[in-house]
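Given next are the chains, with one letter for each unit.
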Amino acid sequence: MDEISIARIFLNHSATHLLHAALRAVLGAHVVQKGSLVEVNRLRFDFAHHSPIDKQTLKAIEGLVNSYVERAIPAHVQWLSQEAAKAHGAIALFDEKYGDSVRVISFGAFSMELCGGTHVANTAEVGVFKILSETGIASGVR
């Protein structure tokens, strides 16, 4: 894989974190990630939510992600104890088993998650974020 492809995977992975934060801000704290696919040219983000999302709300979510992108907020990575990460409000996904020390990635105050993946240095690297579709994939999962 060439360097450009790798960089695009980094930005799409970071975009999943921004999208997760925007979904929770617009739809509510019940939204949790249920899976994702990060590729060179796109991302898919699966999340818990009880109903389809109308076009106006999708535009609001997209706009919020793009506002995060435009702010060029630096990624901040730190290693914390599980207790400290939870106390700081970090989101842990998929009911995974974590060790005593966890890697926390944050973009400002709006996105803080446990994550071992690769990311951009700041949100501006994501570029323009566009939601192409939204659909149900399982009961309670969009």
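Model, not experiment: these values are computed from the prediction.

*Asks:* Outline the packing of aromatic side chains, listing residues and values.
*Replies:* Under the criterion given, the structure shown has 2 aromatic pairs. On the numbers, 3.6 Å between centres and 10 degrees between planes, the contact of tyrosine 68 with phenylalanine 110 is stacked. Of this pair, tyrosine 68 sits in helix H2 (residues 55–70) while phenylalanine 110 sits in the loop between strand S4 (101–107) and strand S5 (111–114); the two residues are 42 residues apart in sequence, bridging distant segments of the chain. We classify tyrosine 68 as buried; its relative accessible area is 5%.

*Asks:* Tell me about the pattern of salt bridges, and name the residues and values.
*Replies:* Applying the stated criterion to the full structure yields 5 salt bridges. One salt bridge connects arginine 42 with glutamate 39, and the closest N-O pair in it is separated by 2.9 Å. With a relative accessible area of 41%, arginine 42 lands in the partly exposed category. Look at glutamate 39 and you get partly exposed, because its relative accessible area is 33%. Note that lysine 59 is salt-bridged to glutamate 62, the shortest N-O span being 3.8 Å. Of the two residues, lysine 59 and glutamate 62 are both situated in helix H2; the distance of 3 residues between them amounts to about one turn of the helix. Looking at glutamate 62, the relative accessible area reads 10%, which means it is buried. Beyond isolated ion pairs, a larger network of salt bridges with shared partners links Lys59, Glu62 and Lys130.

Rules used throughout
- Residues numbered from 1 in each chain as written.
- Predicted model: local features only at pLDDT ≥ 70, side-chain atom pairs only at ≥ 80, totals over all residues.
- Heavy atoms only, no water.
- Phe/Tyr/Trp six-rings, centres within 6.5 Å; stacked < 30°, edge-to-face > 60°.
- Helix = DSSP H or I, 4+ residues; strand = E, 2+ residues; numbered from the N terminus.
- Buried < 20%, exposed > 50% of the residue type's maximum accessible area, 1.4 Å probe, protein only.
- Salt bridge = Lys/Arg side-chain N within 4 Å of Asp/Glu carboxyl O.

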